[in-house]
Amino acid sequence: MRHLISVEHDLDRARIERIVELATSFEEVGNRPIKKVPALRGRTVLNLFYEVSTRTRSSFELAAKRLSADVVNFAASGSSVEKGESLKDTVLTLNAHKPDAIVVRTPWAGSADLVARWSGAAVVNAGDGKHEHPTQALLDVYTLVRKLGALDGANIWIVGDILHSRVARSNILAFQRMGANVTVAGPPTLIPRDLEKLGCTVRYDIEDLREADVVYALRMQNERIDQPFLPSLREYAKRFQVNGRNLGPRQVLMHPGPVNRGVELSGEVVDSPQAVITAQVEGGVVVRMAVLYELLEGASAPDGAQRTLPTQALHA
Ligand code: NCD
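Naming follows an unreviewed UniProt entry, where the protein chain appears as Aspartate carbamoyltransferase of uncultured Solirubrobacteraceae bacterium. Taken from UniProt, the Sequence similarities (unreviewed entry) comment for the protein chain reads in full: "Belongs to the aspartate/ornithine carbamoyltransferase superfamily. ATCase family." Quoted straight from UniProt, the Catalytic activity (unreviewed entry) entry for the protein chain says "carbamoyl phosphate + L-aspartate = N-carbamoyl-L-aspartate + phosphate + H(+)".

1. Quick word on helix H8 (residues 233-240)
Buried residues of H8: Tyr-236, Ala-237 and Phe-240, and no others. Viewed along the axis of H8, the buried residues span an arc of 100°, placing them on a single side of the element. Exposed and oriented more than 90 degrees from the buried face of H8 are Arg-234 and Lys-238. Looking at the buried positions of H8, the neighbouring elements they touch are strand S5 (155-159) and strand S6 (181-185).

2. Focus on helix H5 (residues 111-118)
For H5, every residue scored as buried is listed here: Ser-111, Ala-112, Val-115 and Ala-116. The arc that holds the buried residues of H5, viewed along the axis, is 150°, so those residues lie on one side. Where the residues of H5 are buried, they touch helix H4 (87-94), strand S3 (101-106) and strand S4 (122-128).

3. Thoughts on the packing of helix H2 (residues 13-26) against helix H10 (residues 277-297)
Following both chains from N to C, one finds H2 and H10 inclined at 115°, their axes separated by 8 Å at the closest point. Of the two possible hands of crossing, H2 and H10 adopt the one that is right-handed. In this structure, H2 contributes Arg-18, Ile-19, Leu-22, Ala-23 and Phe-26 to the contact, and H10 contributes Val-286, Val-287, Met-289, Ala-290, Val-291, Tyr-293 and Glu-294. Its residues assigned to classes, the contact of H2 with H10 shows 10 nonpolar, no polar and 2 charged.

How each quantity is defined
- Note that residues are indexed from 1 along each chain, following the sequence as it is written.
- A pLDDT threshold of at least 70 governs which residues receive local features in this predicted model, and a stricter bar of 80 or more applies before side-chain atom pairs are shown or counted, although totals over entire chains, interfaces and linings include all residues.
- Just so you know, side-chain values use all the structure's heavy atoms and leave hydrogens and water out.
- UniProt positions are given in the numbering used here, feature names are shortened, and annotations may be inferred rather than shown by experiment.
- Summary of the burial criterion: residues with accessible area below 20% of their type's maximum are buried, those above 50% are exposed, and those between are partly exposed, where the area comes from a 1.4 Å probe applied to protein chains only.
- Secondary structure follows DSSP: runs of H or I at least 4 residues long count as helices, runs of E at least 2 residues long count as strands, and numbering of each begins at the N terminus.
- In this description, the arc belongs to the directions extending from the helix axis to the C-beta atoms.
- Any pair of residues with heavy atoms lying within 4.5 Å of one another is described as a contacting pair.
- Axis lines are fitted to C-alpha atoms, over the contacting stretch for helices. Their N-to-C directions set the angle, which ranges from 0 to 180 degrees.
- By the definition used in this description, the sense in which the near helix is turned from the far one sets the handedness, with an anticlockwise turn below a right angle giving left-handed and a clockwise turn giving right-handed.
- Here the nonpolar group is Ala, Val, Leu, Ile, Met, Phe, Trp, Tyr, Cys and Pro; Asp, Glu, Lys and Arg are the charged ones; every other residue, Gly included, is treated as polar.

As structure tokens, then:
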């Protein structure tokens with residue numbers, strides 16, 4: 001794997017399993033007093049964020065640092081982007097720092113792929129507009145494998161604003177590749193036409209939500225909504241909010257964050273023991289360590305480096 005741009009083109013089941021396995025082997029590093037291994041010493045990871053981020057950006061930074069890479073954080077605000085520099089010119093400029101990996105988030109679908117063409121670095125898509133967010137899908141698979149053992153045959157319902165969600169697209173594909181049955185549910189105006197072509201079931205209500213083993217709620221993506229898709233958030237919450245009345249005690253509840261409490265989820269279910277939202281964030285660090293390691297040190301790394309067993313890297 002040279003880049004990680006999309007689940008669609010870059011991740012088959014074997015690759016997903018390999019990353020989950022690697023992530024599991026990195027867990028132990030987070031429990032050490034000194035949470036660092038020398039696996040990527042001397043490598044440079046550039047975080048290029050054109051959109052706000054709490055979880056994704058901090059966990060990529062932590063992941064790179066735990067592997068001993070040097071990290072450069074670039075946020076569009078406060079940079080020459082505000083003076084009109086284009087994404088291409090910014091990437092060409094930052095190439096001068098010779099990054100080994102670029103982690104990129106932008107509001108534009110397809111931008112991660114362009115960055116991969118403009119730079120010699122390995123590129124990780126940390127969210128490109130409404131298109132994909134592959135590391136979110138990987139950390140969600142990882143969280144579920146830890147919780148359920150395997151995803152084969154599991155019924156996963158993804159509920160909410162599917163139309164504007166890059167997480168929905170990546171997760172539908174990744175969950176299915178891992179053997180799960182995926183149902184998406186939301187108001188008709190927030191579900192893309194022809195979504196069934198991806199192999200999932202589409203529902204316009206959540207009356208049968210109890211069929212789900214896993215309920216994955218999505219945030220209402222206000223920043224991407226430029227037309228009135230809904231009468232109001234209150235109306236949405238009335239019909240689609242996951243709460244104590246429609247969620248059973250054995251169902252696993254997930255959300256990529258940030259949560260709008262009182263909209264897609266009620267506060268009580270966010271704080272309930274069945275919510276694995278914090279475990280998802282924890283999994284984000286080890287999964288991103290695994291992705292960076294796989295891209296820079298794996299069998300297909302650009303310099304043809306031999307695949308080192310992570311255990312060797314951990315103790316080098
Ligand atoms: C998501 C994103 O930005 O795509 N958040 C995340 O990365 N954890 C989902 C969202 O913003 O709703």
